[in-house]
Amino acid sequence: MRHLLLAALASLVALALPAAQAQDKNGAKAIYESACAACHGAGILNAPKFGDSAAWTARAKVGLDALVKSAIAGTAKGMPPKGGRVDLNDGQIRSVIEYMMAGGAAPTAAAPAASAVAVPAVARSAAPAPTPAPSAEVNAFNRLLKPLGRFNRPAVESGIHDPANDMTLQLQPPAVAFATLPKSQAGNHVDWVKALDAKALAPRWDRNDPAANAIVMDLNIVREVKGSMPDVVYPHKQHTEWLDCSNCHPAIFVPQKGANQISMASILLGQKCGVCHGKVAFPVSECRLCHSRKKAAATTAEVKP
């Protein structure tokens, strides 16, 4: 009787893992990596680990529909509704649960290797071994490039918040918070200037007075640079929409012409512009965002005979 029960439970897991999951149905792999891996990869708060057939088989007793319903509603143990991805539909939630139960087509570094996952025999026979899809990024092997999809990590992976604190799991994932903002190819892939212009954001100007209006200074400072690179334009307007003048003056920049020695070396060392850029503002790799004014064309004096 016990063998029949185990076989039935294994069959239930296998039914939840159709061959189609190998094709990453509904983008389950991407959803897992962005929203689920932080807890289900390491088993935080006793979350069933990615590909742990024993843990998932025990939970499969209630049926896949019940697991989906629980994931949508969230749990009292600390999992927020839909794992914090309120943008997901029910079908996507179901797919990512199936993906985690199977161990996925390509486990991430946070998840156990596929060879270490003990999948029930019935499940192994029900679905063929997944074939890894060819990478669309030809330079994915280059260790000098940042891994794809690693910006806007959940709070538990940010390196700032305490992953052992239950309340960290309640924080809204940045990918969800930024979903409706204008896109950029730099930094955290949000165009913050466009977001301000579109009134999609309303930065709080004074920490004590939420009704205080920003004191915006519309003044461009042009710094001429040597060589062929365009000159640097520093727009006060975009900066003072976020910050009070005292954030930069006089500790970082002395408000006097010629008093500030700025170089790319100092910026890369976290000084001058590098106090923010590369940390909380777009990185210095986006050269043209600062070097934006073309040099004036050189004129040759007319030589008279």
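Let us look at the structure shown here. Source: prediction; values computed, not measured. (Residues numbered from 1 in each chain as written. Predicted model: local features only at pLDDT ≥ 70, side-chain atom pairs only at ≥ 80, totals over all residues. Heavy atoms only, no water.)

Applying the stated criterion to the full structure yields six salt bridges. The partner of arginine 293 in a salt bridge is aspartate 231, and the shortest N-O contact between them spans 3.3 Å. Of this pair, arginine 293 sits in strand β3 (residues 291–293) while aspartate 231 sits in strand β2 (residues 231–235), placing them 62 residues apart in sequence. On the accessibility criterion, aspartate 231 (4% relative accessible area) is buried. Lysine 237 is the salt-bridge partner of glutamate 241, the closest N and O atoms lying 3.2 Å from each other. A relative accessible area of 19% places glutamate 241 in the buried class. (Salt bridge = Lys/Arg side-chain N within 4 Å of Asp/Glu carboxyl O. Helix = DSSP H or I, 4+ residues; strand = E, 2+ residues; numbered from the N terminus. Buried < 20%, exposed > 50% of the residue type's maximum accessible area, 1.4 Å probe, protein only.)

At a minimum axis separation of 10 Å, helix α2 (residues 28–40) and helix α5 (residues 90–102) run at an interaxial angle of 65 degrees. In terms of axis orientation, α2 runs roughly perpendicular to α5. The handedness of the crossing between α2 and α5 is right-handed. Counting all contacts with α2, which are made through Ala28, Lys29, Ile31, Tyr32, Cys36 and His40, the residues of α5 involved are Gln92, Ser95, Val96, Tyr99 and Met100. Here the contact of α2 with α5 is built from residues that sort into seven nonpolar, three polar and one charged. (Axes fitted to C-alpha atoms, helices over the stretch in contact; angles between N-to-C directions. Parallel < 35°, antiparallel > 145°, perpendicular 65-115°, else oblique. Left-handed = near helix turned anticlockwise from the far one by under 90°. Contact = heavy atoms within 4.5 Å. Nonpolar A, V, L, I, M, F, W, Y, C, P; charged D, E, K, R; others polar.)

In this section: the layout of surface pockets. Roughly 710 Å³ of internal volume is contained in the second largest pocket. Contributing to the lining of the second largest pocket are 37 residues, with Cys39, His40, Ala47, Thr75 and Met79 lying nearest its centre. Secondary structure elements with two or more residues in the lining of the second largest pocket: α2, α3 (53–59), α4 (64–73) and α5. No other element matches α2, which puts seven residues into the lining of the second largest pocket. Grouping the amino acids of the lining of the second largest pocket by side-chain chemistry returns 25 nonpolar, nine polar and three charged. (1 Å grid on protein atoms, 1.4 Å probe; cavity = no way out; pocket = protein on both sides within 12 Å on 5 of 7 lines; lining within 4 Å. Points joined across faces, edges and corners; volume = space filled by probe spheres on them.)

Quick look at the packing of aromatic side chains now. This structure, assessed with the given rule, holds five aromatic pairs. Aromatic side chains tyrosine 32 and phenylalanine 50 sit 4.5 Å apart centroid to centroid with 35 degrees between the ring planes, which places their arrangement in the tilted category. A residue pair is termed long-range when its members are at least 10 positions apart, and tyrosine 32 in helix α2 and phenylalanine 50 in the loop between α2 and α3 qualify at 18 residues. Of the two residues, tyrosine 32 and phenylalanine 50, neither departs from the other in class, the shared state being buried. A network of ring pairs unites the aromatic residues Tyr32, Phe50 and Tyr99 as a single cluster. (Phe/Tyr/Trp six-rings, centres within 6.5 Å; stacked < 30°, edge-to-face > 60°.)

Along the chain, lysine 82 turns up in the loop between α4 and α5. In this structure lysine 82 is buried but unpaired, with aspartate 90 as the nearest side chain of opposite charge at 4.5 Å. Look past the residues within four positions of lysine 82 in its chain and what remains in contact with it is Ala71, Ile72, Leu88, Asn89 and Ile93. (Lys, Arg positive; Asp, Glu negative; His and termini not counted.)

This paragraph deals with the pairing of β2. Note on strand geometry: in a regular strand, side chains alternate between the two faces of the sheet. Two elements, strand β1 (residues 220–223) and β2, share four bridges in a ladder whose sense is antiparallel. Considered in β2, the bridge of isoleucine 221 is made with tyrosine 234. Strand direction decides the pairing type here: β2 and β3, joined by two bridges, are antiparallel. Note that in β3 the partner of valine 232 across the bridge is histidine 291. (Pairing = 2+ DSSP bridges.)

Before going further, it helps to spend a moment on the nonpolar core. Ranked by size, the top nonpolar core spans 20 residues in total, and within it Tyr32, Val96 and Ile97 carry the most contacts. Counting only elements with at least two residues in this core, the list comes to α2, α4 and α5. (Core = buried A, V, L, I, M, F, W, Y, C linked by side-chain atoms within 4.5 Å.)

The subject of this paragraph is unusual backbone geometry. Note that the residue after histidine 249, namely proline 250, is joined by a cis bond; omega there is 0 degrees. Mapped onto the elements of the fold, proline 250 is located in the loop between α9 (236–240) and α10 (264–268). Of note in this structure, histidine 189 is not a glycine but carries a positive phi near 65 degrees. At lysine 272, a residue that is not glycine, the phi angle is positive and equals roughly 50 degrees. Looking at the secondary structure, you find lysine 272 in the loop between α10 and β3.

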